[in-house]
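Summary of the model geometry
Spelled out, the chains give:
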Amino acid sequence: MTDSSLTRRGFLGTLAAGAAASLVGCGGSSSGSAGSGGPTTIVVWDRAGAHAKARQEFFRTWNAQQGKSLGIEVKYEPQATDKYEEIVRLGFQTKRAPDLFHSPSAQLGAFVAAGWVQPLPDLVGKAVLDKAAPYHQKNSELVWGGVPYAVPTTAFTNRMLINVELFEKAGLDPDAPPATFSEVRQAAAAITKIGKGEAFGMLIPIKATGFRQWSVDIPLMAGDAALAQFGLFNAAAQTYESAKYAPVIELYRAMIVDKTAYPGAATLTGDVAINAFGKGEAGMYLTSSAIVSSLADLGSTVKAVAAPLPVPDGQQLARSPMNAGYPYAISSTSQNPEQAAKVFEVMVGDGVQEALAAKAAPPLNGAVWESAAIKDNALLQQFRPGELDRQWPKTPGGLLQVEGESVDQTVEKLLLDPSAALGPALAAMQQRMQAAYDAAVKNGEVDPQEFQA
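About the criteria used
- Residues numbered from 1 in each chain as written.
- Predicted model: local features only at pLDDT ≥ 70, side-chain atom pairs only at ≥ 80, totals over all residues.
- Heavy atoms only, no water.
- Helix = DSSP H or I, 4+ residues; strand = E, 2+ residues; numbered from the N terminus.
- Contact = heavy atoms within 4.5 Å.
- Areas by Shrake-Rupley, 256 points an atom, 1.4 Å probe, with all protein chains shown as cover.
- Salt bridge = Lys/Arg side-chain N within 4 Å of Asp/Glu carboxyl O.
- Buried < 20%, exposed > 50% of the residue type's maximum accessible area, 1.4 Å probe, protein only.
- Axes fitted to C-alpha atoms, helices over the stretch in contact; angles between N-to-C directions.
- Parallel < 35°, antiparallel > 145°, perpendicular 65-115°, else oblique.
- Nonpolar A, V, L, I, M, F, W, Y, C, P; charged D, E, K, R; others polar.
- Core = buried A, V, L, I, M, F, W, Y, C linked by side-chain atoms within 4.5 Å.
- Pairing = 2+ DSSP bridges.
- Phe/Tyr/Trp six-rings, centres within 6.5 Å; stacked < 30°, edge-to-face > 60°.
- Lys NZ or Arg CZ within 6 Å of the ring centre and 35° of its normal.
- pLDDT = per-residue confidence, 0-100.

Turning next to the overall build of the chain. Within the chain, the secondary structure is distributed over 17 helices and 16 strands. Seen through its C-alpha atoms, the chain measures out along the principal axes to roughly 70 × 55 × 35 Å. The contacts in the chain between residues at least 6 apart in sequence include a share of 77% that link residues at least 24 apart. Of the accessible surface of the chain, which amounts to about 18300 Å², a share of 51% is contributed by carbon and sulfur atoms.

Shown next as structure tokens:
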């Protein structure tokens with residue numbers, strides 16, 4: 001059952017109040033029910049994209065075969081990518097929540113506290129949970145109060161993607177990629193020079209969904225294993241170390257000012273960035289394994305290799321933070337939780353992973369990595385989880401009531417204003433985050449043990 005400490009988190013504010021109202025008499029969005037004479041409809045929400053297309057195709061077949069024999073019909077509904085978290089919240093608050101949904105890792109703690117998700121051990125078979133055990137460590141984003149609430153389905157490892165042709169034209173060796181921020185800057189300058197206005201050194205998509213999370217925090221965490229995302233929290237010391245944002249902000253600032261970054265960084269979205277790399281217009285891109293399926297979807301012919309993440313000067317690669325991604329959770333509002341659990345087990349099972357692999361999506365299961373679908377996909381195999389790929393820890397950052405600017409706002413503002421002094425701005429951010437965290441711990445709203453390894 002849910003740890004009682006999770007039900008009194010003050011950081012939720014009006015969100016929790018709205019959730020409480022939505023849960024009263026709420027029956028989820030199932031349009032059919034067991035014993036009604038027809039199939040039970042289980043509504044599944046997901047983030048739209050290439051992966052969603054693969055799942056949609058899978059469930060069309062599943063409905064006609066296994067689903068029919070079980071008396072279950074899955075209504076799979078992809079939602080807008082850039083508004084997904086907002087759509088989920090509104091769904092619960094307006095009593096239109098699905099039975100089963102993709103629960104973004106960073107948001108799961110808030111969803112648990114709001115009472116929107118079902119503890120998995122109450123419904124899901126032990127074999128399913130045992131398989132996901134490596135990603136259900138105590139400080140996992142998917143575990144709260146020692147209880148797992150979601151199971152991941154894909155392995156989003158992070159690398160620096162390199163355009164081989166641009167590297168070679170610039171006199172760079174793609175087999176000896178930049179390992180530090182200074183080397184990245186030098187490589188970006190060389191690539192931009194030979195690009196002659198048609199190709200640039202690096203993509204910095206500031207308006208991409210999760211830019212700070214994936215492109216700013218990740219390379220800093222790669223060189224410092226003590227840090228967690230969203231303000232750079234050190235769980236062992238129980239302190240924020242936001243001043244450590246300086247090296248990556250300085251790097252990105254320099255490339256934007258030097259015009260060795262792809263033009264329009266201030267407004268560059270993820271889709272545009274991927275398209276630019278796919279057309280051979282950028283030499284480097286810090287990205288996750290999700291890009292492989294996106295490039296395949298575009299029909300890109302760019303020859304690319306996935307290199308280790310670069311780290312700040314003076315550091316060495318300590319880990320390659322990854323996200324065991326696309327986790328799914330069962331709504332606590334479902335009218336048909338047992339049927340929802342059956343669909344959940346299919347959703348996180350090998351069959352869906354194999355369907356995703358056929359679309360060049362990175363699976364969690366080692367056996368699927370060896371399957372015919374992706375065994376010969378050289379680029380995707382370079383993103384295969386290895387010794388340094390470690391699931392990133394959960395962080396209290398998104399759960400705190402912070403006064404003033406958010407982490408994302410401060411980082412973006414500093415990137416776009418090269419004249420702004422980093423020291424005072426990052427010190428102020430660190431103070432805001434620390435004050436909010438200390439207050440939440442003192443008030444019993446956040447348990448420090450949740451974030452300890």
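Further remarks concern the environment of D224. As for its position among the elements, D224 is in the loop between α8 (211-223) and β9 (227-228). Beyond its immediate chain neighbours, meaning those up to four positions away, D224 contacts K244, Q315 and R319.

Across all of its chains, the model carries 19 salt bridges by this definition. Across the pair K126 and D130 runs a salt bridge, and its minimum N-O distance is 2.7 Å. Of this pair, K126 and D130 both sit in helix α5 (residues 126-131), 4 residues apart, roughly one helical turn. The closest approach of N and O atoms between K394 and E450, which form a salt bridge, is 2.6 Å. One end of the pair, K394, is in the loop between β16 (389-391) and α16 (407-416); the other, E450, is in the segment after α17 (422-442), with 56 residues separating them in the sequence. By the burial criterion, K394 is buried, and E450 matches it. Salt bridges here are not isolated pairs; linked through shared partners, they connect R212, D217 and D408.

Here we come to unusual backbone geometry. Located in the positive-phi region is Q238, a residue other than glycine, with phi close to 60 degrees. Turning to its location among the elements, Q238 is positioned in the loop between β10 (233-234) and β11 (239-240). Assessed through its relative accessible area of 18%, Q238 is described here as buried. Positive phi outside glycine occurs at A360, with the angle close to 70 degrees. By the secondary structure assignment, A360 is in the loop between α13 (350-357) and α14 (366-369).

Moving on to the packing of α16 against α17. Geometry of a packed helix pair, given as the angle between the helix axes and the separation of the axes. The geometry of α16 relative to α17 is characterised by a closest axis approach of 11 Å and an angle of 175 degrees between their N-to-C directions. It follows from the interaxial angle that α16 and α17 lie roughly antiparallel. Facing α16, whose interface residues are V407, T410, V411 and L414, α17 presents L422, A425, L426, M429, R432 and M433. In terms of residue class, the contact of α16 with α17 is made up of 8 nonpolar, 1 polar and 1 charged.

For the rest of this paragraph, the subject is the nonpolar core. Ranked by internal contacts, the top residues of the largest apolar core, which has 76 residues, are F101, Y245, Y252, M255 and M284. In terms of residue count, α17 provides more of this core than any other element does, 7 residues in total. Aside from chain neighbours lying at most four places away, what touches Y245 is R212, V216, D217, L220, F230, G231, L232, V407, L426 and M429. Formed by 30 residues, the second largest nonpolar core is a distinct cluster that contains W62, L129, M347 and L356.

Across the sheet, 3 strands lie side by side as β6-β14-β16; this open sheet has mixed pairing. The outermost strands of the open sheet, each flanked by one partner alone, are β6 (154-156) and β16. Strand-to-strand, the axes of this sheet are offset by a mean angle of 40 degrees, without reference to chain direction. As paired strands, β6 and strand β14 (residues 320-325) are joined by 3 bridges and run antiparallel to one another. Note that in β14 the partner of A155 across the bridge is A324.

Considering all chains together, one arrives at 16 aromatic pairs under this definition. Considering the side-chain rings of F92 and F101, the 5.6 Å spacing of their centres and the 70 degrees angle between planes classify their relative orientation as edge-to-face. The burial state of F92 is the same as that of F101; both residues are buried. A centroid spacing of 4.9 Å and a plane angle of 55 degrees characterise the contact between F233 and Y437, whose relative ring orientation is tilted. A residue pair is termed long-range when its members are at least 10 positions apart, and F233 in strand β10 and Y437 in helix α17 qualify at 204 residues. On the basis of relative accessibility, which here comes to 1%, the residue F233 falls in the buried class. An aromatic cluster of three or more residues is present, and its members are W144, F233, Y240, Y437 and F451. The ring of Y326 has R55 lying over it, and the distance from NZ or CZ to the ring centre is 4.8 Å. Geometry around W144 places K394 over its ring, the cationic atom sitting 4.1 Å from the centre.

This part covers the confidence of the model for the chain. On average, residues of the chain carry a pLDDT of 90, and 92% of them reach 70 or more. In this model residues 1-28 is a low-confidence stretch, pLDDT under 50, and it forms 62 contacts with partners more than four residues away in sequence or in other chains.

A few words on the sheet that holds β11. On the basis of which strands lie adjacent, the open sheet formed by 3 strands has the order β9-β10-β11 and antiparallel pairing. At either end of the open sheet lies a strand with only one pairing partner, and these are β9 and β11. Summarising the sheet, β9 and β10 pair through 2 bridges and their orientation is antiparallel. Each residue of the ladder has a partner; that of L227, found in β10, is N234.

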